[in-house]
Amino acid sequence: MSCNDCVGTGKERFMKFTEKILKHPEFLRLQKRVQQIEQNRIYCHHELSHALDVCRMAWMMYLEDQMQEKFESGLEASLENTYGSESALKSNEKITEDRNADRTDHICEKKHESVNLQEKKDQFYVTGLLHDIGRVAQYETGEHHSEAGMRIAKQLLSDIGYPSEWMSETLQIVGVHHGREEENAETGVMEYYIRRADHLSRNCFLCEAADSCKWSDEERNQTIIW
């Protein structure tokens with residue numbers, strides 16, 4: 001890996017596909033339409049503010065899990081060095097030599113990790129923004145919003161040149177996000193975080209329509225927790 005290959009710093013570090021979705025005329029039309037339809041709705045809404053809540057919560061939960069994994073891995077490595085691993089037995093002179101030799105590659109790897117993390121964030125946000133994109137179709141035609149959402153999202157993603165390697169995962173999540181099985185999903189996978197954020201973003205404990213809400217008591221969020 002060469003440092004000449006490192007990119008994604010400064011002005012280049014932005015979520016370009018998220019920006020494209022937020023400026024897409026059809027996305028904006030559907031956001032305006034769902035806001036009109038739900039203007040007098042007493043239950044949960046599905047406009048842009050909810051989509052952004054899902055994006056932010058899903059990304060924060062993902063980062064927390066990643067940080068926890070790194071902490072636990074670092075702790076294991078620290079204990080291994082403390083109790084006499086092979087690397088811990090090297091002379092101080094040899095350790096210094098190795099560190100100097102690896103320093104450039106380490107910096108380069110960190111830059112690439114940063115770029116990859118920004119790309120992952122872009123994918124999270126695009127998926128979160130589109131997870132309820134089929135709501136207008138459900139209100140107007142009765143088609144389930146997940147089915148309609150997959151069709152609409154596919155067109156929007158094609159329009160913005162969304163990476164083909166991200167496409168199937170994002171469309172899969174749009175099609176299944178409405179379930180309540182997030183606790184059974186694998187952590188570290190985007191579907192888990194989008195599902196969970198979609199559920200936990202609802203402030204049931206403050207809802208004035210709780211008495212007639214279709215959610216059971218077990219499904220409702222009684223406090224801020226995840």
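Structure first, text after, so check above.
Residues numbered from 1 in each chain as written. Predicted model: local features only at pLDDT ≥ 70, side-chain atom pairs only at ≥ 80, totals over all residues. Heavy atoms only, no water.

Colleague: Residues and numbers for the overall build of the chain, please.
Modeller: In terms of regular secondary structure, the chain is built from eight helices and zero strands. Along the chain, helices and strands appear, N-terminal first, in the series α-α-α-α-α-α-α-α. Expressed as a percentage of its 226 residues, the buried residues of the chain come to 36%. For the chain, long-range pairs separated by at least 24 residues make up 67% of all intrachain contacts whose partners lie at least 6 apart in sequence. Looking at the chain as shown, the accessible area adds up to about 14200 Å², and 49% of this sits on carbon and sulfur atoms. (Helix = DSSP H or I, 4+ residues; strand = E, 2+ residues; numbered from the N terminus. Buried < 20%, exposed > 50% of the residue type's maximum accessible area, 1.4 Å probe, protein only. Contact = heavy atoms within 4.5 Å. Areas by Shrake-Rupley, 256 points an atom, 1.4 Å probe, with all protein chains shown as cover.)

Colleague: Now, about the packing of helix H7 (residues 164-176) against helix H8 (residues 190-200): what can you tell me, with residues and values included?
Modeller: In contact at an axis separation of 10 Å, H7 and H8 are set at 35 degrees when each is read in the N-to-C sense. Every pair of crossing elements has a handedness; the one defined by H7 and H8 is right-handed. Contact with H7, carried on its side by Glu 169, Thr 170, Gln 172, Ile 173 and Val 176, involves Met 190, Glu 191, Ile 194 and Arg 195 of H8 and no other residues of that element. Split into classes, the residues belonging to the contact of H7 with H8 amount to four nonpolar, two polar and three charged. (Axes fitted to C-alpha atoms, helices over the stretch in contact; angles between N-to-C directions. Left-handed = near helix turned anticlockwise from the far one by under 90°. Nonpolar A, V, L, I, M, F, W, Y, C, P; charged D, E, K, R; others polar.)

Colleague: Tell me what's going on with the pattern of salt bridges, and back it up with residues and numbers.
Modeller: This structure, assessed with the given rule, holds five salt bridges. Across the salt bridge formed by Arg 29 and Glu 26, the nearest N and O atoms sit 2.9 Å from each other. Of this pair, Arg 29 and Glu 26 both sit in helix H2 (residues 25-37), three residues apart, which is roughly one turn of the helix. By relative accessible area, Arg 29 is classed as partly exposed at 44%. Note on Glu 26: relative accessible area 29%, which makes it partly exposed. (Salt bridge = Lys/Arg side-chain N within 4 Å of Asp/Glu carboxyl O.)

Colleague: So what's going on with the environment of Lys 20? Which residues, and what values?
Modeller: Assignment of secondary structure puts Lys 20 in helix H1 (residues 16-23). Classification of Lys 20 as partly exposed rests on a relative accessible area of 39%. In the structure, Lys 20 is positioned 139 residues away from Asp 159 in sequence and 9.2 Å away in space, judged by C-alpha atoms.

Colleague: Account for the environment of Met 167, naming residues and giving values.
Modeller: Here Met 167 lies in helix H7. Along the sequence, Met 167 and Thr 127 sit 40 residues apart, while their C-alpha atoms lie 9.6 Å from each other. Leave out the neighbours within four places in its chain, and Met 167 touches Leu 157, Ser 158 and Tyr 162.

Colleague: An account of the layout of surface pockets is requested, with residue identities and associated values reported.
Modeller: Roughly 790 Å³ of volume is contained in the largest pocket. Lining the largest pocket are 31 residues, and of these Arg 41, Cys 44, His 46, Arg 202 and Trp 215 sit closest to its centre. Of all the secondary structure elements, the ones that give two or more residues to the lining of the largest pocket are helix H3 (48-82), helix H5 (135-141) and H8. The biggest single contributor to the lining of the largest pocket is H3, with three residues. Across the lining of the largest pocket, the residue classes tally to eight nonpolar, 13 polar and 10 charged. (1 Å grid on protein atoms, 1.4 Å probe; cavity = no way out; pocket = protein on both sides within 12 Å on 5 of 7 lines; lining within 4 Å. Points joined across faces, edges and corners; volume = space filled by probe spheres on them.)

Colleague: Before we move on, can you summarise the packing of aromatic side chains with the specific residues and values?
Modeller: Scanning the entire structure with this criterion turns up nine aromatic pairs. The interplanar angle of 75 degrees and the centroid separation of 5.9 Å between the aromatic rings of Phe 17 and Trp 166 together place this pair among those described as edge-to-face. Of this pair, Phe 17 sits in helix H1 while Trp 166 sits in helix H7; the two residues are 149 residues apart in sequence, bridging distant segments of the chain. You'll find Phe 17 and Trp 166 in the same group, each marked buried. Consider the rings of Tyr 192 and Tyr 193, whose centres lie 4.9 Å apart with planes at 85 degrees: the pair is edge-to-face. Given the relative accessible area of 0%, Tyr 193 is considered buried. (Phe/Tyr/Trp six-rings, centres within 6.5 Å; stacked < 30°, edge-to-face > 60°.)

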